[in-house]
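# Chain and residue survey
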Amino acid sequence: MKISFHKETYEARILDPSEGFEEKKLVVEVRTDPFTGAKARILKHRWRLPKGSFDQSIISKSKQKCPFCPENIEKMTPKFPSDIVAEGRINHGQSTVIPNAFPYSRYNGVIIVSKDHFLSLDRFSPEILYDGFQASLLYINQIRQFDDKVAYASVNWNYMPSAGGGIIHPHWQIVVDNKPTRFHERLLSQSLKYHMAEGRNYWADLISLEKEKKVRYAFQVGKVVFIAAYAPRGMLGEVIAIFERARTLDEVGQDGWRDFSRGLSEVLACLHGMGIDSLNMALITNLDNAGHFWAQARIIARASVPPLGTSDVNYFEKVHEEIIAVISPEELAERLRLACAGNLK
Ligand SMILES: [Zn+2]
């Protein structure tokens, strides 16, 4: 079970009205990553920068009754029962942890990440992100003390309405559970399969391969490596941040959180520079069950497609479970490398 990526390339022919009906060949590249099961169709000819993907007036409108603004948290947000969190809510730096008012798992905390109602992606400093992760850890560890059966935790982010965010104010959702999600489960079982077949760690081998090829490798901050996924699961690509040798949440360590916060801040600023202000992120970790998996985050930029504000999710993704991507992973990695050059020394 070696690391193998598959690619097929097709040409579609059209007579182009903008070129006097000259014949034009358009290339479609279909990529499969057997490890994740992801299949993506890379259409470089579709790429347009998403120039202002949201209506700015929603920021002031949504601020009027925002439960996550500091003056409203006390009266408008729920509290944890005292046997879970004695003080009802957890405060850490800029962050506050509350229970999700609309939970989708037994233990589902919300981290209100900033005091500011809105931050564009270039304004998430490493310090803000680090505080948020520390608050996330306080919540996860509180749940671990309360319930010794929990084994998996994720920090999840829908930022802005284009990415499914129902509240503008920056916030993350933490899920702590005794079962992994479907994607986490796939990564765990594939990591085990790879280890049994090759006697090595898949994530170490993936990092070596990408560093050697130098086309999808973006950069490294300390022990966290940022690469673009070969077969992305989003129209604007997918960034993978792998915490080297961190098999469990505890093995990430304070350095790991600092490194990740610095790298993530750079990725967010780079996306902002590309005209993107919306994303999904999931940081996936094992708690006690180390296995052959390394903690990692998946960052998928989201956008409404101009000029109609069309959704970036279509029948290919919803029904066929394939992704139409308009930027190649190699171009995304190059943009990340260029944007970060000099900032991470
Ligand atoms: Zn707010």
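Each remark here, short or long, concerns the structure printed above.
Okay, so let's go over this structure. Note that the structure is predicted; figures quoted are calculated from it, not measured. (Residues numbered from 1 in each chain as written. Predicted model: local features only at pLDDT ≥ 70, side-chain atom pairs only at ≥ 80, totals over all residues. Heavy atoms only, no water.)

### Some thoughts on the packing of aromatic side chains
- Per the counting criterion, the structure on display carries 21 aromatic pairs.
- Measuring from ring centre to ring centre gives 6.4 Å for Phe118 and Tyr159, while their planes differ by 15°; the resulting arrangement is stacked. Of this pair, Phe118 sits in the loop between strand E6 (107-112) and helix H3 (126-146) while Tyr159 sits in strand E7 (residues 152-159), placing them 41 residues apart in sequence. Residue Phe118 shares its accessibility class with Tyr159, and that shared class is buried.
- Ring geometry for Phe243 versus Phe260: centroids 5.1 Å apart, planes at 50°, classification tilted. Taken together, the residues span a long stretch of sequence, with Phe243 in strand E11 (residues 238-243) and Phe260 in helix H6 (residues 253-273) at a distance of 17 residues. When sorted by exposure, Phe243 lands in the same class as Phe260, which is buried. (Phe/Tyr/Trp six-rings, centres within 6.5 Å; stacked < 30°, edge-to-face > 60°. Helix = DSSP H or I, 4+ residues; strand = E, 2+ residues; numbered from the N terminus. Buried < 20%, exposed > 50% of the residue type's maximum accessible area, 1.4 Å probe, protein only.)

### Things to note about the coordination of the zinc ion
- At the metal site, the zinc ion is ligated by Cys66 (SG), Cys69 (SG), His117 (ND1) and His169 (ND1), and these contacts range over 2.1 to 2.3 Å.
- Considering all 4 donor atoms around the zinc ion, the spread of angles at the metal, 102 to 119°, places the coordination shape in the tetrahedral class.
- Looking at Cys66, the relative accessible area reads 2%, which means it is buried. (Donors = N, O, S within 2.8 Å, 3.2 Å for Na, K, Ca; no water. Tetrahedral: all angles 85-135°; square planar, octahedral: opposite > 155°, others 65-115°.)

### With respect to the packing of H3 against H6
- One way to put it is that H3 packs onto H6 with a least axis distance of 8 Å and a crossing angle of 135°. In terms of orientation, H3 and H6 fall into the oblique class. Seen along the crossing, H3 lies across H6 with a hand that is right-handed. On the side of H3, the interface is formed by Pro126, Leu129, Tyr130, Phe133, Gln134 and Leu137, while H6 contributes Gln254, Trp257, Arg258, Phe260, Ser261, Arg262, Leu264, Ser265 and Leu268.
- Residue composition of the contact of H3 with H6, by class: 9 nonpolar, 4 polar and 2 charged. (Axes fitted to C-alpha atoms, helices over the stretch in contact; angles between N-to-C directions. Parallel < 35°, antiparallel > 145°, perpendicular 65-115°, else oblique. Left-handed = near helix turned anticlockwise from the far one by under 90°. Contact = heavy atoms within 4.5 Å. Nonpolar A, V, L, I, M, F, W, Y, C, P; charged D, E, K, R; others polar.)

### Considerations on unusual backbone geometry
- A positive phi is found at Phe21, a non-glycine position, where the angle reads about 60°.
- The residue Phe21 is located in the loop between strand E1 (6-16) and strand E2 (22-33) in this model.
- Here Phe21 falls in the exposed class, since its relative accessible area comes to 54%.
- The phi dihedral of Lys214 is positive, around 65°, even though this residue is not glycine.
- Here Lys214 is to be found in the loop between helix H5 (202-213) and strand E9 (217-221).
- Classification of Lys214 as exposed rests on a relative accessible area of 58%.

### So, the sheet that holds E6
- Spatially, E4-E5-E6-E8-E7-E12-E13-E11-E10-E9 is the arrangement adopted by the 10 strands of the open sheet, whose pairing is antiparallel. The strands lining the two open edges of the sheet, one partner per strand, are strand E4 (90-92) and E9. Sheet twist, expressed as the mean angle between neighbouring strand axes with direction ignored, is 20°.
- Note: E9 against strand E10 (residues 224-228), 4 bridges, orientation antiparallel. Looking at the pairing, Gln220 lines up with Val225 of E10. (Pairing = 2+ DSSP bridges.)

### Some details on the environment of Tyr194
- Positionally, Tyr194 belongs in helix H4 (residues 182-198).
- Given the relative accessible area of 3%, Tyr194 is considered buried.
- A distance of 2.7 Å separates a polar atom in the side chain of Tyr194 from a polar atom in the side chain of Asp205. (Polar contact = N/O pair within 3.5 Å; in protein donor to acceptor, adjacent residues only side chain to side chain.)

### What about the nonpolar core?
- Within the largest apolar cluster, 71 residues are counted, with the highest numbers of intra-cluster contacts made by Phe133, Val176, Phe226 and Phe260.
- Looking at this core, the element that brings in the most residues is H3, giving 9 residues.
- Listed in part, the 20 residues of the second largest apolar core include Phe183, Leu187, Tyr202 and Ile227. (Core = buried A, V, L, I, M, F, W, Y, C linked by side-chain atoms within 4.5 Å.)

### Side note on the layout of surface pockets
- Looking at the largest pocket, its volume works out to about 1200 Å³.
- Lining the largest pocket are 35 residues, with Arg182, Phe183, Arg233, Ile300 and Glu317 positioned closest to its centre.
- Elements with a minimum of two residues in the lining of the largest pocket: strand E3 (38-42), E7, strand E8 (171-177), H4, strand E12 (278-286), strand E13 (296-302) and helix H7 (315-318).
- Looking at the lining of the largest pocket, its residues break down into 14 nonpolar, 8 polar and 13 charged.
- Empty space within the second largest pocket amounts to approximately 510 Å³.
- Taken together, 30 residues make up the lining of the second largest pocket; nearest its centre are Asn100, Tyr104, Val110, His171 and Gln173.
- For the lining of the second largest pocket, the secondary-structure elements that each account for two or more residues are strand E5 (95-99), E7, E8 and E12.
- Sort the elements by how many residues they give to the lining of the second largest pocket and E8 lands first, with 5 residues.
- In the lining of the second largest pocket, the residues fall into 16 nonpolar, 13 polar and 1 charged. (1 Å grid on protein atoms, 1.4 Å probe; cavity = no way out; pocket = protein on both sides within 12 Å on 5 of 7 lines; lining within 4 Å. Points joined across faces, edges and corners; volume = space filled by probe spheres on them.)

Spatial relationships are all this shows, so hold off on functional conclusions.
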